[in-house]
Amino acid sequence: MSAAVLPATPENLRYACELLHAGQVVAFPTETVYGLGANAYDECAVARIFEAKGRPANNPLIVHVAEPGHAEAIFRTVPESARRLMERFWPGPLSIVLPRSARIPAIVSAGMPTVAVRCPSHPAARQLLRLCKLPIAAPSANASGRPSTTTAQHVFADIGGRIPLIIDDGPCAVGLESTVVDMSGRVPVLLRPGGVTPEDLRAVLPDLAIAPGVLAPLPEGARAASPGLLHRHYAPDAAVTLVEGDPPACAAAMAALFDEDLALGRAPALLAFDDTAAVLGARAVYALGPRERPEDAASRLFALLRAAEADKRSHLYLEAPDDSGLQLALRNRMQRAAGFRVISAADAAPGRPL
Ligand code: TXA
Ligand code: MG
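Analysis parameters
Residues numbered from 1 in each chain as written. Chains lettered and ligands numbered in written order. Predicted model: local features only at pLDDT ≥ 70, side-chain atom pairs only at ≥ 80, totals over all residues. Heavy atoms only, no water. Helix = DSSP H or I, 4+ residues; strand = E, 2+ residues; numbered from the N terminus. Rg over C-alpha atoms; globule rule 2.2 N^0.38 Å. Buried < 20%, exposed > 50% of the residue type's maximum accessible area, 1.4 Å probe, protein only. Contact = heavy atoms within 4.5 Å. Lys, Arg positive; Asp, Glu negative; His and termini not counted. Charge placed at Lys NZ, Arg CZ, Asp CG, Glu CD. Pairing = 2+ DSSP bridges. Near = heavy atom within 4 Å. Polar contact = N/O pair within 3.5 Å; in protein donor to acceptor, adjacent residues only side chain to side chain. Areas by Shrake-Rupley, 256 points an atom, 1.4 Å probe, with all protein chains shown as cover. Salt bridge = Lys/Arg side-chain N within 4 Å of Asp/Glu carboxyl O. Axes fitted to C-alpha atoms, helices over the stretch in contact; angles between N-to-C directions. Parallel < 35°, antiparallel > 145°, perpendicular 65-115°, else oblique. Left-handed = near helix turned anticlockwise from the far one by under 90°. Nonpolar A, V, L, I, M, F, W, Y, C, P; charged D, E, K, R; others polar. Core = buried A, V, L, I, M, F, W, Y, C linked by side-chain atoms within 4.5 Å.

Novice: How should I be thinking about the overall build of the chain in this particular structure?
Specialist: The helix and strand tally for the chain stands at 11 helices and 16 strands. Against the compact-globule benchmark of 20 Å for 354 residues, the chain has a radius of gyration of 20 Å, which places it among compact chains. With the principal axes as the frame, the chain shows a C-alpha extent of 60 × 45 × 35 Å. In the chain, which comprises 354 residues, the proportion classed as buried is 56%. For the chain, the share of sequence-separated contacts (at least 6 apart) that also reach a separation of at least 24 residues comes to 68%. Across the chain, the centroid of the 34 positively charged side chains sits 5 Å from that of the 36 negatively charged ones.

Novice: Please explain the sheet that holds strand S6 (residues 114-118) as it appears in this structure.
Specialist: Strands pair in a sheet through their backbones, by hydrogen bonds, and they do so in one of two ways: parallel or antiparallel. Pairing is mixed across the open sheet formed by 11 strands, whose spatial order is S1-S8-S2-S3-S7-S4-S6-S5-S9-S10-S11. One side of each edge strand has no neighbouring strand; the edge strands of this open sheet are strand S1 (4-7) and strand S11 (209-210). Inspection of the sheet shows strand S5 (residues 94-99) paired to strand S9 (residues 179-182) by 4 bridges, in the parallel sense. Paired with valine 97 across the strands is aspartate 182, a residue of S9.

Novice: Would you explain the site of ligand 1 in this entry?
Specialist: Lining the immediate surroundings of ligand 1 are 27 residues, of which Thr32, Arg55, Asn59, His64 and Ser178 lie closest. The contact in question runs from an oxygen atom of ligand 1 to an N or O atom on the side chain of threonine 32, over 2.6 Å. Within the contact set of ligand 1, an oxygen atom lies 2.5 Å away from a side-chain nitrogen or oxygen of serine 178. In isolation ligand 1 has 680 Å² of accessible area, and contact with the protein removes 97% of it. Of all the elements in the fold, those that place two or more residues in the shell around ligand 1 are strand S4 (62-64), S6 and strand S10 (189-192). If you tally residues by element for the shell around ligand 1, the top one is S6, at 4 residues.

Novice: What is the right way to read the pattern of salt bridges from this model?
Specialist: Opposite charge on two side chains allows them to pair when their charged atoms are near. According to the stated counting rule, one finds 15 salt bridges in the structure shown. Linking glutamate 309 and arginine 146 is a salt bridge whose minimum nitrogen-to-oxygen distance equals 2.7 Å. You can see glutamate 309 sitting in helix H9 (residues 294-310) and its partner arginine 146 sitting in the loop between strand S7 (136-137) and helix H5 (152-159), a full 163 residues away along the chain. Its salt-bridge partner being glutamate 244, residue arginine 331 comes within 2.8 Å of it at the nearest N-O pair. Taken as a pair, arginine 331 in helix H10 (residues 327-337) and glutamate 244 in strand S12 (residues 239-244) lie far apart in primary sequence, 87 residues in all. Residue classification places glutamate 244 among the partly exposed residues on the basis of a relative accessible area of 31%. Overlapping salt bridges bring together Arg146, Asp158, Arg306 and Glu309 as one network.

Novice: It is not clear to me how the packing of H9 against H10 should be interpreted in this structure. Could you clarify?
Specialist: For any two helices packed against each other, the geometry comes down to the angle between their axes and how far apart the axes lie. For the pair H9 and H10, interaxial distance at closest approach is 9 Å and the crossing angle is 20°. Comparing the axis directions of H9 and H10 gives the class roughly parallel. Between H9 and H10 lies a crossing of left-handed hand. In contact with Pro294, Ala297, Ala298, Leu301, Phe302 and Leu305 of H9, H10 contributes Gln327, Leu330, Arg333, Met334 and Ala337. Split into classes, the residues belonging to the contact of H9 with H10 amount to 9 nonpolar, 1 polar and 1 charged.

Novice: What am I meant to see in the nonpolar core here?
Specialist: In summary, soluble globular proteins display a tendency toward joint burial of nonpolar side chains. Counting residues in hydrophobic clusters, the biggest one holds 50 residues, and the most contacted among them are Ile96 and Ile163. By residue number, the principal contributor to this core is helix H2 (residues 43-53), which donates 5 residues. Ranked by size, the runner-up nonpolar core spans 27 residues in total, among them Ala238, Val240, Phe273 and Ala308.

Have a look at this one:
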């Protein structure tokens, strides 16, 4: 099989619907990343998603709905606090976890008693959901463990041989996956940071907690609040390291690491904010954009990891953002791409001038 890559015209969206109603999987754009969708009510169709991605059976999917009100049929109960979240942030890059209704087969949430739902804001995604009149279960449309896909071409490169159709509507605006909040317990818990920031959420949920494993690796043997916290994620085919420190220290450390790697016969590359990139000279640098516009870095990160991989870079050093606002999501994806390998700039290049 080789996927057809078709623009998001009404005709092609109708074809996507036909495939979904026939139990097939279809890749489609959302404002966060591309999704690999199937009819959430059809157990066999959902099994095809796990197969096409090579996704571990214990990692649950997110169910997408056309209208906020449609979430009521997917959840067993919706507390008032969750309703406030939906009103404030839907449609948009937020997934809400609540007890699963009996209509949704267990495979969708990997057997968990809860299910994650989100109402995307992307026009093509909403059109598709409206046309189908089905909830669509969809993880990110990448091969399991790889960086998420933010263009149809990236979807094709990862799983184009295993699915019939990719709806192409250009690059995704947010570029990082949705924020996931678990509303099923006594206190709301942030399971994955994303386009909706903790600061945004706290305006509605003052008691929001952050799950262990979001900011640092889970301690050995600890129970994960979400199966997604257990798996290796976002990793390109290169050794990835995060470099932490203030911008001048990062620039010096990244230059030193690059030069050392080159001397060892490796093919290093640096991902840095524009001001740091500007002082790194003729080294291989992929620019994340201005430091004060983390939304640019968010929309570029996965594409840059894939570009470095396509350029056969063997060792990547990523400049660490801090953890406020959208930078938390960026930092979380970088940490996970690096398997939590973080070095301090001060240790990497003590006192070394550029
Ligand atoms: O932006 C997004 O959320 C994209 C687009 C396509 O909508 N989807 C996406 O799905 O990123 P996926 O499957 O790659 O990530 C879903 C995350 C995983 O970390 C999973 O463990 C967590 O959500 N998750 C899903 N259902 C859950 C549940 N019932 N309880 C806890 N975590 C859950
Ligand atoms: Mg994913």
